[in-house]
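# Per-entry structural report
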Amino acid sequence: MAKRVKKTIITGITREAADAAFSAYAKADAQYVKITAEIELQCAKIREKFADRLASLDEERTRNFDVLQSFATENQAELFVKKKSLDMAQGTIGFRTGTPKLKTLKGFTWASALQLVKEFLPTYVRTSDEIAKDKLLADRDEDGMREQMAKCGIQSVQEETFFVEPKKEDAE
């Protein structure tokens, strides 16, 4: 279970204390980055060490998957009559039915299908009204726009976030 941490706001900090805190922050950050880079380097070395073996194992899996799929497909009528799966000594093979989805027939595009659905199945056409937020943001500084937005219960805000960006140096 994650420990809950309550952040208390510290007040009355002098410039010297802030400089000391920044120094400690920068040192910890540099060491953190160095350790993270070392971890990534070790992971890369391990991946490289096993890359050829993993590639050959993946190739073997793919080849044998194809053999099993061919066997199942060729014998689907006999082996998969009552169940969609077959228990074998090493595990189970079978067929899964996917989620239904719509596809256009040959010669049709979704745009052409939309026009035909509008004509023959109009209750299956969606129309969506939504606020063009991007346009409101782009036009927010035009004359009277802020007042008009306020009438609609909308305001444009820009929030400030605090950041700490230490200068990058080698960790000790």
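Residues numbered from 1 in each chain as written. Predicted model: local features only at pLDDT ≥ 70, side-chain atom pairs only at ≥ 80, totals over all residues. Heavy atoms only, no water.

### Things to note about the pattern of salt bridges
Counting across every chain of the model gives 5 salt bridges. The salt bridge partner of Asp-29 is Lys-168, with a shortest N-O separation of 2.9 Å. Note that Asp-29 is positioned in helix α1 (residues 15-74) and Lys-168 in the segment after α5 (145-151), a separation of 139 residues in sequence. The class of Lys-168 is exposed, set by a relative accessible area of 64%. Where Arg-146 meets Asp-141, a salt bridge forms, and the shortest distance between an N and an O atom there is 2.7 Å. Judged by relative accessible area, which is 57%, Asp-141 ranks as exposed. (Salt bridge = Lys/Arg side-chain N within 4 Å of Asp/Glu carboxyl O. Helix = DSSP H or I, 4+ residues; strand = E, 2+ residues; numbered from the N terminus. Buried < 20%, exposed > 50% of the residue type's maximum accessible area, 1.4 Å probe, protein only.)

### Regarding a nonpolar patch on the surface
Where nonpolar side chains cluster on the molecular surface, the patch consists of Leu-105, Phe-108, Leu-116, Phe-120, Leu-121 and Tyr-124 and spans about 690 Å² of accessible area. For Leu-121, the position within the fold is in the loop between α3 (110-120) and α4 (133-139). (Patch = residues over 30% accessible without salt bridge, like charges linked within 9 Å, V, L, I, M, F, W, Y side chains within 5 Å. Areas by Shrake-Rupley, 256 points an atom, 1.4 Å probe, with all protein chains shown as cover.)

### Here we look at the environment of Gln-90
With respect to the helices and strands, the residue Gln-90 is situated in the loop between β1 (85-88) and β2 (91-94). It is 15 Å that separates the C-alpha atoms of Gln-90 and Gln-69, two residues lying 21 residues apart in sequence.

### Quick notes on the packing of aromatic side chains
If you walk through the whole model with that rule in mind, you get 2 aromatic pairs. Taken together, a centroid distance of 6.4 Å and an interplanar angle of 85° make the contact between Phe-22 and Tyr-25 edge-to-face. On the criterion of helical spacing, the pair formed by Phe-22 and Tyr-25 is a turn pair, its members being 3 residues apart in helix α1. Using a relative accessible area of 40% as the deciding quantity, one classes Tyr-25 as partly exposed. Each ring, one from Phe-80 and one from Phe-95, has its centre 5.1 Å from the other, and the planes form 85°; the classification is edge-to-face. One end of the pair, Phe-80, is in the loop between α2 (76-79) and β1; the other, Phe-95, is in the loop between β2 and α3, and 15 residues separate them in sequence. Relative accessible area serves as the criterion here: at 10%, Phe-80 is assigned to the buried category. (Phe/Tyr/Trp six-rings, centres within 6.5 Å; stacked < 30°, edge-to-face > 60°.)

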